Amino acid sequence: MARFVNVAIGQLGPIARSETRAQVVQRLGALMRQAHQMGCDLIVYPELALTTFFPRWYIEDPNELDAYFERDMPGPETAPLFELARTLGVGFYLGYAELAVEAGQTHRYNTSILVDRTGTIVGKYRKVHLPGHAEHEPWRTFQHLEKRYFEAGKDFPVFQAFGGVFGMAICNDRRWTETYREMGVQGVEMILIGYNTPVHNPPAPEHDDLSLFHNQLVLQAGAYQNGTWVVGVAKGGIEEGVDQIGGSCIVAPSGEIVAACTTKGDELALARCDLDLCNSFKDTTFNFDVHRQPDAYRRLAERRGPRLMADGTPVKQAGDAT
Ligand code: CDT
């Protein structure tokens, strides 16, 4: 039996700092209703989809910072979205800032969840590749303080859902080959990725004109090289003075874009995704069991880069005293 999943991109335009959770959940619900009318099983929302992208500010008041985080999921303000999902029979991916108390300790993560058509959470992912910086850098036109506000997640789990194998990633994760491959070796068939990407990257303004190209490049390469569907969803437009790219799209396992948004506002784009299309790639060119050579890739897990081992100690160079 064919395994089709009707997927909707639920792209968002800017969320103002003053916008309440209730107002945002209304917007998410409106997109979900439209997606349902068009026969969708699943809608994918962006990273940190419940608030403005607050890591652009250096926030010193802990109460102000914590107000951007969810302590419960669903919580009082997000429960209506879960109820709507259950009523309509539409699942969703949602990115949000998570405040978790684990063994008496408070942790903060940049998180996404996968919710099935009964409104039940079937997967949670915590962002691994946190971009930006940890200290206030006033020279920047805006901050990118993810390394200050979040702890990094530890792995890339996959989940049985919607009749297939699903994985999640968040924004900067999509630029890293390892993100896709970690899920590829677990047989992933669809990877859902929300993002907030400013057009301008203060340390590398020479990349600004390439920001949409790089978005497509990594989503398409990740899909093809792992024989998986990839769904990338933006929060786009000018949010609190920062211009963020749109470019949300659904990429087939062939690497081809099969649906895309054309604006930088709240917008749906849809595709009927056949999960069995993955097999054409997973059974041939990218049959990992036949062709991968993990023994030749050991440095990937051992080293962080040319100079440091994964634990942060320096790489021993030939000739170094032992
Ligand atoms: N949110 C997020 O991860 N944004 C980063 C900005 C990095 S600047 C190149 C991204 O990778 O889009």
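To be clear, the structure that these remarks concern was listed above.
Residues numbered from 1 in each chain as written. Predicted model: local features only at pLDDT ≥ 70, side-chain atom pairs only at ≥ 80, totals over all residues. Heavy atoms only, no water.

Peer 1: Got a minute to help me understand the pattern of salt bridges in this structure?
Peer 2: Side-chain pairs of opposite charge can arise where the charged atoms are in close proximity. Per the counting criterion, the structure on display carries 19 salt bridges. In this structure, the salt-bridge partner of Arg17 is Glu64, at a minimum N-O distance of 2.9 Å. Here Glu64 lies in helix H2 (residues 62–66) and Arg17 lies in the loop between strand S1 (4–11) and helix H1 (21–37), a separation of 47 residues in the sequence. Note on Glu64: relative accessible area 32%, which makes it partly exposed. For Asp41, the salt bridge identified is with Arg117, shortest N-O distance 3.1 Å. Note that Asp41 is positioned in the loop between H1 and strand S2 (42–44) and Arg117 in the loop between strand S4 (105–115) and strand S5 (121–126), a separation of 76 residues in sequence. (Salt bridge = Lys/Arg side-chain N within 4 Å of Asp/Glu carboxyl O. Helix = DSSP H or I, 4+ residues; strand = E, 2+ residues; numbered from the N terminus. Buried < 20%, exposed > 50% of the residue type's maximum accessible area, 1.4 Å probe, protein only.)

Peer 1: Is there a simple way to think about the site of the ligand in this case?
Peer 2: Around the ligand sit 13 residues in total, of which Glu47, Lys127, Cys171, Arg175 and Thr197 are the nearest. Within the side chain of Glu47, a nitrogen or oxygen atom sits 3.0 Å from a nitrogen atom of the ligand. In this structure, a nitrogen atom belonging to the ligand sits 3.1 Å away from a side-chain N or O atom of Glu146. Across the complex, the protein chains shield 87% of the 350 Å² of accessible surface that the ligand would expose by itself. Assessed atom by atom at 2 Å from the grid points, the ligand resides in the second largest pocket. (Near = heavy atom within 4 Å. Polar contact = N/O pair within 3.5 Å; in protein donor to acceptor, adjacent residues only side chain to side chain. Areas by Shrake-Rupley, 256 points an atom, 1.4 Å probe, with all protein chains shown as cover. 1 Å grid on protein atoms, 1.4 Å probe; cavity = no way out; pocket = protein on both sides within 12 Å on 5 of 7 lines; lining within 4 Å. Sits in = over half its atoms within 2 Å of the grid points.)

Peer 1: What is the right way to look at the packing of helix H5 (residues 177–184) against helix H6 (residues 211–226) in this model?
Peer 2: Helix-helix packing is described using two parameters, namely the angle between the two axes and the distance between the axes. Closest axis-to-axis distance for the H5/H6 pair is 10 Å, and the angle between their directions is 30°. Overall, the two elements H5 and H6 adopt an arrangement that is roughly parallel. Two packed elements cross with a definite hand, and for H5 against H6 that hand is right-handed. In this structure, H5 contributes Tyr180, Arg181 and Gly184 to the contact, and H6 contributes Val218, Leu219, Gly222, Gln225 and Asn226. (Axes fitted to C-alpha atoms, helices over the stretch in contact; angles between N-to-C directions. Parallel < 35°, antiparallel > 145°, perpendicular 65-115°, else oblique. Left-handed = near helix turned anticlockwise from the far one by under 90°. Contact = heavy atoms within 4.5 Å.)

Peer 1: Hey, could you run me through the sheet that holds S1 in this one?
Peer 2: Sheets are built from strands paired through backbone hydrogen bonds, the pairs being either parallel or antiparallel. Read across the open sheet, the 6 strands follow the order S5-S4-S3-S2-S1-S14; overall the sheet is mixed. Every other strand in the sheet has two partners, leaving S5 and strand S14 (267–274) as the edge strands with one partner each. For this sheet, the mean angle separating the axes of adjacent strands, direction not counted, is 35°. Bridging between strand S3 (residues 91–102) and S4 involves 11 bridges; their strand directions are antiparallel. Residue Tyr96 lies in a different strand from S4, and its bridge partner there is Thr111. Along the sheet, H1 contacts S1, S2, S3 and S14; its crossing angle with S14, the most-contacted strand, is approximately 45°. On top of the sheet, helix H3 (residues 79–88) reaches S3, S4 and S5; it is set at about 145° to S3, its chief contact. (Pairing = 2+ DSSP bridges.)

Peer 1: Would you mind showing me how to read the packing of aromatic side chains here?
Peer 2: Each pair of aromatic rings is reported with the distance of its centres and the angle of its planes. The final tally for this structure, using the stated rule, is 11 aromatic pairs. Judged by centre distance (6.3 Å) and plane angle (55°), the ring pair of Tyr45 and Phe92 falls under tilted. Note that Tyr45 is positioned in the loop between S2 and H2 and Phe92 in strand S3, a separation of 47 residues in sequence. The same class applies to Tyr45 as to Phe92, namely buried. Ring-pair connections join several aromatic residues into one group, and the members of that group are Phe54, Tyr68, Phe69, Tyr149 and Phe150. Taking NZ or CZ as reference, Arg56 lies 5.3 Å from the ring centre of Trp57, over its face. Sitting above the plane of the Tyr109 ring, Arg126 keeps its charged end 3.9 Å from the centroid. (Phe/Tyr/Trp six-rings, centres within 6.5 Å; stacked < 30°, edge-to-face > 60°. Lys NZ or Arg CZ within 6 Å of the ring centre and 35° of its normal.)

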